[in-house]
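Listed below are the residues making up each chain.
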Amino acid sequence: MRRTILAFQPLLDNEMRQLDREYNVLKLWEANDPVSLIKKNANDIQAILSTYNSSGVSDRLISALPNLEIIAQFGVGYDNIDLQAAEKHGVAVTNTPNVLTDDTADVALFLMLNVARRAVEADMFVRVGRWHSGSMPLSTSISGKTVGIVGLGKIGRAIAMRAQAFNTRIIYTSRSKKDVPYTYYDDLGKMAQDCNFLILACAGGKETKNLITYNILKKLGSKGYLINISRGSVVNEEDLLIALRNQAIAGAGLDVFADEPNVPEEMIKMDNVVLSPHVGSATIETRSKMGQLVLDNLKAYFDGKPLLSPVRLVS
Ligand code: 8YV
């Protein structure tokens, strides 16, 4: 008999077909009444396929599924999962690191280039015919600037590599100093002061919640740009709005927000921001690899083999 998996979101077609072949998939996104779907099948559910942009995997949900064994997250970040509860109930957790590193780093660079070189505005300038009546306002050089990266994990390093190719100097802050040729700061405020582009590439969750306050943005300064491809929770969005409104910073390139898909109305109207809808991993190639890694982790787990990308639980 096929095992039952509760899936929050569909995978791409090819991976979804595999999932459907191998499991009895409870498709939460198709359910008229998701709560009763879960209640009705609570005893059968052995696995959850979770994603960041859907409802979280809470202690309450984990506790309601007595035979749950594994949570396979479609994504590298897992701040939507209550890891403590997973550990308490002996539930394994996996994620999809590595396969999305390059695409996510690319988005950091495209936001940086877009906001500094006013690319969105330039496109509109041509489309609406304003070129006929004059030139666009000047933009800001990337070359020769300093890029400060918050979080030098795999994605942070991939961003550093790319940014270096644009002839920038890289500085970083991280939980610990790494063996890299970039200057390490143990003080985020000092780093913000010393960089032109502050790029957030750290994990979300309690540890980094509201790390970026008005005070930090003020240190980044009126010529500095904030780029966020990590989690909206890392930035105090109210503070960011004030900083953008007052031009305490020059601008921001944002792929993630505090309450997705809701973006503050005021931010949408600002011309010193470039916005994208959480697309770090959103390419056909990467989403397919993420789906395959989810499938491979589930298979490894149920075959009694080592997990390919386990998430280390709390203790
Ligand atoms: C999402 C992400 O998982 O990997 C992450 O942590 O935030 C993204 O890749 C993706 O948008 C699916 O929800």
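Everything below is about the structure shown above.
Source: prediction; values computed, not measured.

Conventions adopted
The numbering scheme is per chain: residues are counted from 1 as the chain's sequence reads. Owing to the predicted nature of the model, reporting of local features is limited to residues with pLDDT of at least 70; listing and counting of side-chain atom pairs is limited to 80 or more, with chain, interface and lining totals taken over all residues. Excluded from the side-chain calculations are hydrogens and water; all other atoms, namely the structure's heavy atoms, are used. For each residue, the accessible area found with a 1.4 Å probe, counting protein chains only, is set against the maximum for its type, and the residue is called buried under 20%, exposed over 50%, and partly exposed in between. Think of it this way: any DSSP run of H or I at least four residues long counts as a helix, any run of E at least two long counts as a strand, and we number them from the N terminus. The directions considered for the arc run from the helix axis to the C-beta atoms. Contacts are residue-level and defined by heavy atoms, with any inter-residue pair within 4.5 Å sufficient. Throughout, the term near means that a residue has one or more heavy atoms lying within 4 Å of the molecule or strand in question. We call two N or O atoms a polar contact when they sit within 3.5 Å, provided that within protein one can donate a hydrogen and the other can accept it, with sequence-adjacent residues counted only if both atoms are side-chain atoms. A 1.4 Å probe and the Shrake-Rupley method give the accessible areas. Residues count as covered only by the protein chains that appear here. We call a set of buried Ala, Val, Leu, Ile, Met, Phe, Trp, Tyr and Cys residues a nonpolar core when their side-chain atoms join them within 4.5 Å. Boundaries between domains were set according to an automatic or database domain assignment. Should DSSP find at least two bridges between two strands, the strands are taken to pair. Here the axes come from fitting lines to C-alpha atoms, over the contacting stretch only for helices, and the angles between their N-to-C directions go from 0 to 180 degrees.

*Asks:* Can you help me understand helix α2 (residues 34-41) in this one?
*Replies:* Every α-helix winds through 3.6 residues per turn, so residues three or four apart in the chain are directed the same way. Those residues of α2 not exposed but buried are Leu37, Ile38 and Asn41. Buried residues of α2, viewed axially, fall in a sector of 95°; they line one side. Turned more than 90 degrees away from the buried face of α2 sit Val35, Lys39 and Lys40, all of them exposed. In the core, the buried residues of α2 are packed alongside β1 (3-7), β2 (23-27), β3 (45-51) and α3 (59-63).

*Asks:* So what exactly am I meant to see when it comes to the site of the ligand here?
*Replies:* Near the ligand you find 13 residues, and of these Val76, Gly77, Arg231, His278 and Ser281 are the closest. Contacts to the ligand include phenylalanine 74, whose backbone N or O atom sits 3.1 Å from an oxygen atom. One nitrogen or oxygen atom from the side chain of arginine 287 is found 3.1 Å from an oxygen atom belonging to the ligand. When the ligand sits alone it has 330 Å² of accessible area, and the protein chains cover 93% of it.

*Asks:* Would you take a moment to explain the nonpolar core for this structure?
*Replies:* For soluble globular proteins, the rule of thumb is that nonpolar side chains tend to be buried together. Counting residues in each nonpolar core, the largest one holds 47 residues, and the members touching the most others are Leu19, Ile149, Ile159 and Leu298. The dominant element in this core, judged by the number of residues it contributes, is helix α5 (residues 101-116), at eight residues. No fewer than three residues from each of domain 1 (4-98 + 284-302) and domain 2 (101-275) sit in this core. Ignoring any residue separated from it by four or fewer positions in sequence, one finds isoleucine 149 in contact with Gly156, Ile159, Ala160, Ile170, Ile171, Tyr172, Thr173, Met191, Ile199 and Ala201. By size, the runner-up hydrophobic cluster in this structure holds 29 residues, among which are Ile171, Cys195, Val235 and Leu240.

*Asks:* Looking at this structure, how should I read the sheet that holds β3?
*Replies:* Sheet architecture is open: five strands sit in the order β2-β1-β3-β4-β5, paired in parallel fashion. Taken across any chain shown, the strands that pair with only one partner, and hence form the sheet edges, are β2 and β5 (92-94). Taking the axes of each pair of neighbouring strands and ignoring which way they run, one obtains an average angle of 20° across the sheet. Bridge count between strand β4 (residues 70-74) and β5: three bridges; the pairing is parallel. Within the sheet, the bridge partner assigned to isoleucine 71 lies in β5 and is valine 93. The sheet contacts of α2 involve β1, β2 and β3, and relative to β2 the element is tilted by about 150°. Contacts from helix α12 (residues 284-302) reach β1, β2, β3, β4 and β5 within the one sheet, and its direction differs from that of β4 by about 170°.

*Asks:* Help me understand the side chain of serine 281, please; the structure alone is not making it clear to me.
*Replies:* Relative to the assigned elements, serine 281 resides in the loop between β12 (273-275) and α12. Of the residues examined, serine 281 reaches a relative accessible area of 11% and is grouped as buried. In this structure serine 281 touches Leu100, Thr104, Thr286, Arg287 and Met290, once residues within four positions along its chain are discounted.

*Asks:* Looking at this structure, how should I read the environment of methionine 270?
*Replies:* One can find methionine 270 in the loop between α11 (265-269) and β12. Taking the relative accessible area as the measure of exposure, methionine 270 reaches 13% and is therefore buried. Placed 61 residues apart in sequence, methionine 270 and lysine 209 show a C-alpha to C-alpha distance of 24 Å. Each residue touching methionine 270, except ones within four places of it in the same chain, is listed here: Leu241, Leu244 and Arg245.

*Asks:* Quick question: what am I supposed to make of the environment of leucine 26 here?
*Replies:* Relative to the helices and strands, leucine 26 is located in strand β2. Here the alpha-carbon distance between leucine 26 and isoleucine 38, two residues 12 residues apart in the chain, equals 8.4 Å. Apart from residues lying up to four places away in sequence, leucine 26 is in contact with Thr4, Ile5, Leu6, Ala7, Leu37, Asn41 and Ile45.

*Asks:* Could you clarify how one ought to interpret the sheet that holds β12 in this entry?
*Replies:* Where strands meet in a sheet, backbone hydrogen bonds hold them as pairs that are either parallel or antiparallel. Taking strand neighbours across the sheet as the criterion, the seven strands line up as β8-β7-β6-β9-β10-β11-β12 in an open arrangement whose pairing is parallel. The sheet is open, and its two edges are formed by β8 (183-184) and β12, each paired on a single side. With four bridges connecting them, strand β9 (residues 197-200) and strand β10 (residues 225-228) associate as parallel partners. Paired with isoleucine 199 across the bridge in β10 is isoleucine 227. This element, helix α7 (residues 154-165), spans β6 (146-150), β7 (169-173) and β9 of the sheet and lies at about 175° to β6.

*Asks:* What am I meant to see in helix α10 (residues 237-245) here?
*Replies:* Burial in α10 covers these residues: Glu237, Asp239, Leu240, Leu241, Ala243 and Leu244. Looking at the buried positions of α10, the neighbouring elements they touch are α9 (214-220), β10, β11 (251-254), α11 and β12. Capping the start of α10, asparagine 236 holds a side-chain oxygen 3.2 Å from the backbone nitrogen of glutamate 238, two or three residues further along. Downstream of α10 by one or two residues, glutamine 247 has phi in the positive range, about 55°.

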